[in-house]
Amino acid sequence: MSGEGGPDRTALTFAEIIQGRRSVRQYRPDPVPHELVINALEAARWAPSPHGRMPWRFVVLTQPERKTQLADAMAAAWVRNLELDGEPAEIVAIRLAKSRGRITSAPVLLLPCLYLRDLDQYPDAERQQAETIMAVQSIGAAIQNLLLAAYQQGLDGGWMCAPLFCPETVVAALGLESTLVPQALITLGYAATDPKRRSRIPLAELVVLWD
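Residues numbered from 1 in each chain as written. Predicted model: local features only at pLDDT ≥ 70, side-chain atom pairs only at ≥ 80, totals over all residues. Heavy atoms only, no water.

**A look at a nonpolar patch on the surface**
Under the convention used in this document: Excluding any residue in a salt bridge, patches collect residues exceeding 30% relative accessible area, merging like charges within 9 Å and nonpolar Val, Leu, Ile, Met, Phe, Trp and Tyr side chains within 5 Å. Using a 1.4 Å probe, the Shrake-Rupley method yields the accessible areas, and only the shown protein chains count as cover for residues. When a carboxyl oxygen of Asp or Glu lies within 4 Å of a side-chain nitrogen of Lys or Arg, that pair is called a salt bridge. Comment: elements are numbered from the N terminus, with helices defined as DSSP H or I runs of at least four residues and strands as E runs of at least two.
Together, Ile201, Leu203, Leu206, Val207 and Trp210 make up a nonpolar patch on the protein surface, roughly 600 Å² of accessible area in all. Within the fold, Ile201 resides in the loop between strand S5 (185-189) and helix H7 (203-206).

Set out below in structure tokens:
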């Protein structure tokens with residue numbers, strides 16, 4: 001069932017869901033029903049993970065003051081990174097305003113975090129690094145499940161990687177446990193406009209060996 005104000009996508013085929021999902025940056029102010037968020041998180045819960053340990057946790061933000069608190073805390077890190085890239089001050093201000101607006105205007109924010117405490121432990125650094133990489137790969141699968149489930153329910157989503165560049169700032173701003181490592185911000189809501197879709201590289205160029 002689609003949420004109030006969302007398009008009915010319940011009859012879409014799996015291929016149509018995959019190809020129809022898009023990255024949205026601007027949302028209508030319409031609230032997102034609680035059960036649709038739960039359904040999307042439930043889909044994430046079934047993603048594959050190393051040894052079935054599910055090394056991820058999720059933070060859900062819907063209150064405007066909490067979203068603003070997070071955006072304000074991340075702003076200084078954004079400015080530092082843009083300045084390191086040599087961006088002019090006026091461009092920094094524009095990009096900062098756009099990023100901040102994506103966070104504060106989205107009806108729902110989801111913060112996927114790595115949780116590495118339950119992973120297998122190895123005496124050598126090489127295997128331990130591989131274990132961590134497997135966890136990172138699995139959180140990507142969980143996020144993809146979440147985005148596809150949200151889209152099928154009539155919602156739209158966007159994937160922001162900003163927390164990767166200031167994880168400690170995010171943890172401090174939200175009062176999270178130090179065992180959580182923020183990986184992304186997922187915005188959810190109903191698209192205000194149909195975003196421009198990027199073309200895809202032909203499959204023949206992506207498959208490098210088929211023997």
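**Observations regarding the packing of helix H3 (residues 64-84) against helix H4 (residues 89-105)**
Operational definition: Axis geometry follows a simple rule: fit a line to the C-alpha atoms, using only the stretch in contact for helices, then measure angles between N-to-C directions, giving values from 0 to 180 degrees. Orientation is classified from the angle alone, with under 35 degrees giving roughly parallel, over 145 giving roughly antiparallel, 65 to 115 giving roughly perpendicular, and any other angle giving oblique. In this scheme the crossing of two helices becomes right-handed for a clockwise turn of the near helix relative to the far one and left-handed for an anticlockwise turn of less than a right angle. Contacts are assigned to residue pairs with any non-hydrogen atoms lying within 4.5 Å of each other. Ten residues, namely Ala, Val, Leu, Ile, Met, Phe, Trp, Tyr, Cys and Pro, are considered nonpolar, four, namely Asp, Glu, Lys and Arg, are considered charged, and the remaining ones, Gly among them, are considered polar.
Remark: H3 packs on H4, axes separated minimally by 10 Å, with the N-to-C direction vectors making an angle of 155°. Our classification of the angle between H3 and H4 gives roughly antiparallel. Viewed along their axes, H3 and H4 form a crossing whose handedness is right-handed. From H3, Lys67, Thr68, Ala71, Asp72, Met74, Ala75, Trp78, Val79 and Leu82 reach across to H4, where they touch Val92, Arg95, Leu96, Ser99, Arg100, Ile103 and Thr104. Along the lines of polarity and charge, the residues of the contact of H3 with H4 split into nine nonpolar, three polar and four charged.

**A word on the nonpolar core**
As a reminder of what qualifies: Residue types Ala, Val, Leu, Ile, Met, Phe, Trp, Tyr and Cys, when buried and joined through side-chain atoms within 4.5 Å, form a set referred to as a nonpolar core. Exposure is judged per residue with a 1.4 Å probe applied to protein chains only, and the accessible area is read against the type maximum: over 50% gives exposed, under 20% gives buried, and values in between give partly exposed.
One finds Leu70, Met74, Ile103, Leu111, Val170, Leu174 and Leu185 to be the most contacted residues of the largest nonpolar core, which totals 26 residues. At the level of secondary structure, the elements contributing two or more residues to this core comprise strand S1 (56-61), H3, H4, strand S2 (108-115) and helix H6 (167-174). Residues within four places of Leu185 in sequence aside, it is in contact with Leu70, Met74, Ile103, Leu110, Leu111, Gly158, Trp159, Met160 and Pro163. Within the second largest apolar cluster, 24 residues are counted, among which are Leu41, Ala142, Leu147 and Tyr190.

**Brief notes about the pattern of salt bridges**
Tallied over the full model, the rule gives eight salt bridges. Ionic pairing is found between Arg22 and Asp194, a salt bridge with its closest N-O pair at 2.3 Å. You can see Arg22 sitting in the loop between helix H1 (14-20) and helix H2 (34-45) and its partner Asp194 sitting in the loop between S5 and H7, a full 172 residues away along the chain. A relative accessible area of 12% places Arg22 in the buried class. Its salt-bridge partner being Arg53, residue Asp120 comes within 2.8 Å of it at the nearest N-O pair. Of the two residues, Asp120 sits in the loop between S2 and helix H5 (125-152) while Arg53 sits in the loop between H2 and S1, which places them 67 residues apart along the sequence. Judged by relative accessible area, Asp120 falls into the partly exposed class, the value being 23%. Under the relative-accessibility criterion, Arg53 is labelled partly exposed at 34%. Put simply, Arg9, Arg22, Asp156 and Asp194 are held in one network by salt bridges that share partners.

**A look at unusual backbone geometry**
The backbone of His51 sits at a positive phi, close to 60°, despite the residue not being glycine. With a phi close to 50°, Met54 is a non-glycine residue in the positive phi region. Along the chain, Met54 turns up in the loop between H2 and S1.

**A closer look at the packing of H3 against H6**
At a minimum axis separation of 9 Å, H3 and H6 run at an interaxial angle of 145°. Like other packed secondary-structure pairs, H3 and H6 cross with a definite hand, here right-handed. Taken together, the residues of H6 that come into contact with H3 (itself represented by Arg66, Gln69, Leu70, Ala73 and Met74) are Thr169, Val170, Ala173 and Leu174. Here the residues of the contact of H3 with H6 sort into six nonpolar, two polar and one charged.

**A closer look at the packing of aromatic side chains**
Applied cut-off: Stacked, tilted and edge-to-face pairs are distinguished by plane angle, under 30 degrees for stacked and over 60 for edge-to-face with tilted covering the rest, among Phe, Tyr and Trp rings (Trp via its six-membered ring) whose centres lie within 6.5 Å.
Using the criterion set out here, one finds one aromatic pair in the structure. For the pair Trp56 and Phe58, a centre-to-centre distance of 6.4 Å together with 55° between the ring planes defines the contact as tilted. The class for Trp56 is buried, based on a relative accessible area of 4%. We classify Phe58 as partly exposed; its relative accessible area is 25%.

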